[in-house]
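Per-entry structural report
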Amino acid sequence: MAEKLFPKGYQPIHQVSEKEDVRNQLLTTILSDHSKEKEAKLDTDIFDVMSRRRSTRKFESKAIEEWKIEKILAAADTAPTAGNFQGFEIFHVKDTKMKEKLVGAANKQPYVNAPLVLIYCKNPSRVKLNFSKKMLTKFAIQDATLAAAYSQLAATALGLSSIWIGMIDEEKVAKIIGTKLVPSSILCIGYPTKQKLPKSRRNLSELIHVLEPKKIAKITKKKV
Ligand SMILES: Cc1cc2nc3c(=O)[nH]c(=O)nc-3n(C[C@H](O)[C@H](O)[C@H](O)COP(=O)(O)O)c2cc1C
């Protein structure tokens, strides 16, 4: 059964349930097993993770533990998708030569050659909704983006750092990894050489635009 569930070369650490809803069983098993995080004394509180996350472009060469990779991939699979059609695919690049080529397809950004390289691609053909092609593509890019964002947060929770690569030549990336799908982003993950403080943001008062109910609406509702 495992061959049906996992790509070639990928063997989950967790025991796969024989029950019907196997994919969810596996997801739940991977995500609810906190033994290793506890052992490593990781702070996985979601708000701490969000406030700690910082893009990193320098990684140690140290390989990432399989259990962490598994969690990062599972986290992506928990993201919401349009109609739950999961209009995206993830390519886990293990080939070093391929990683080197990807640097060239990403405006020569050297850190793309990171210990863990995941490419999130749009797959609008999975989105079986009765909308225009343009809308389905829009859904697929949102699906792929959300999945990558979930992975990025999971990576932070696991004591890793990452860099989101959006500056890519989509055609070149697709050619390198051998897909007809359009890549959306590359997530490069590793152990940071230095722990940096999070970057500043604008004030929330500038970011949030509160739209109060219009006074006129209140007046018209009143009985004359
Ligand atoms: C859509 C998008 C595209 C990005 N593309 C790149 C990129 O190609 N190269 C890079 O070094 N960083 C890239 N970044 C990372 C941003 O530069 C980084 O998130 C930003 O400076 C904020 O820093 P922080 O992530 O530490 O908060 C990208 C981020 C996003 C969300």
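Criteria and thresholds
Residues numbered from 1 in each chain as written. Predicted model: local features only at pLDDT ≥ 70, side-chain atom pairs only at ≥ 80, totals over all residues. Helix = DSSP H or I, 4+ residues; strand = E, 2+ residues; numbered from the N terminus. Buried ≥ 20, exposed ≤ 12 C-beta atoms within 10 Å, placed from the backbone. Contact = placed C-beta atoms within 7 Å. Pairing = 2+ DSSP bridges. Axes fitted to C-alpha atoms, helices over the stretch in contact; angles between N-to-C directions. Near = placed C-beta within 6 Å. Nonpolar A, V, L, I, M, F, W, Y, C, P; charged D, E, K, R; others polar. Parallel < 35°, antiparallel > 145°, perpendicular 65-115°, else oblique. Core = buried A, V, L, I, M, F, W, Y, C linked by C-beta atoms within 7 Å. Left-handed = near helix turned anticlockwise from the far one by under 90°.

A look at the overall build of the chain
What the chain contains, in helices and strands, is ten helices and four strands. Element order for the chain, N to C, with α for helix and β for strand: α-α-α-α-α-β-α-β-α-β-α-β-α-α. In the chain, which comprises 224 residues, the proportion classed as buried is 28%. Taking contacts inside the chain between residues at least 6 apart in sequence as the whole, the part at least 24 apart equals 76%.

Observations concerning the sheet that holds strand E3 (residues 161-165)
Spatial ordering of the open sheet is given by E1-E2-E4-E3, a layout of four strands whose pairing is antiparallel. Looking at the sheet topology across the chains shown, the edges are occupied by strand E1 (88-93) and E3. Geometrically, the sheet is characterised by an average inter-axis angle of 20° between neighbouring strands, direction not taken into account. Here six bridges tie E1 to strand E2 (residues 116-122), and the two strands are oriented antiparallel to one another. Residue pairing across strands places isoleucine 90 opposite tyrosine 120, the latter belonging to E2. Together, E1, E2 and strand E4 (182-190) form the strand contacts of helix H6 (residues 96-105), whose direction differs from that of E1 by roughly 115°.

Overview of the site of the ligand
All residues in the neighbourhood of the ligand are listed as Arg54, Ser55, Arg57, Gln109, Ile163, Trp164, Ile165, Gly166, Met167 and Lys199. When its residues are assigned to classes, the shell around the ligand shows four nonpolar, three polar and three charged.

Some details on the packing of H6 against helix H8 (residues 170-177)
Here H6 crosses H8 at 170°, and the two axes come no closer than 9 Å. In terms of orientation, H6 lies roughly antiparallel with respect to H8. Residues Met98, Lys101, Leu102 and Ala105 of H6 lie in contact with H8, whose contacting residues are Lys172, Val173, Ile176 and Ile177. Broken down by class, the residue content of the contact of H6 with H8 amounts to six nonpolar, no polar and two charged.

A look at the environment of serine 151
Turning to its location among the elements, serine 151 is positioned in helix H7 (residues 133-157). Its 28 C-beta neighbours within 10 Å are what place serine 151 among the buried residues. Placed eleven residues apart in sequence, serine 151 and serine 162 show a C-alpha to C-alpha distance of 9.6 Å. Sequence-distant contacts of serine 151, defined by excluding residues within four places in its chain, comprise Ile72, Ala75, Ala76, Leu118 and Leu187.

Some points on the nonpolar core
One finds Leu102, Val117, Ile119, Tyr120, Ile186 and Cys188 to be the most contacted residues of the largest nonpolar core, which totals 44 residues. For this core, the element with the most residues is H7, which contributes nine residues. Discounting residues that sit within four places of it in the chain, leucine 102 has contacts with Val93, Val112, Val117, Val173, Ile176 and Ile186.

As for unusual backbone geometry
At lysine 41, a residue that is not glycine, the phi angle is positive and equals roughly 55°. Looking at the secondary structure, you find lysine 41 in the loop between helix H3 (35-39) and helix H4 (46-52). Of note, the phi angle at lysine 108 is positive, near 60°, even though the residue is not glycine. Mapped onto the elements of the fold, lysine 108 is located in the loop between H6 and E2.

Some thoughts on the packing of helix H2 (residues 22-32) against helix H5 (residues 66-78)
Interhelical geometry of H2 versus H5 gives an angle of 125° and a closest axis separation of 9 Å. The angle between H2 and H5 falls in the class oblique. With respect to the hand of their crossing, H2 and H5 are arranged in left-handed fashion. Seen from H2, the contacting residues are Leu27, Ile30 and Leu31; seen from H5, they are Glu70, Lys71, Ala74, Asp77 and Thr78. Looking at the contact of H2 with H5, its residues break down into four nonpolar, one polar and three charged.

Describing the pairing of E2
Burial analysis of E2 places seven of its seven residues in the buried class, which makes it a mostly covered element. Taking every second residue as pointing to the same face, both faces of E2 are buried, with Leu116, Leu118, Tyr120 and Lys122 on one and Val117, Ile119 and Cys121 on the other. In this sheet, E4 lies alongside E2 in antiparallel orientation, the contact comprising seven bridges. When the bridges of E4 are listed, leucine 118 appears paired with leucine 187.

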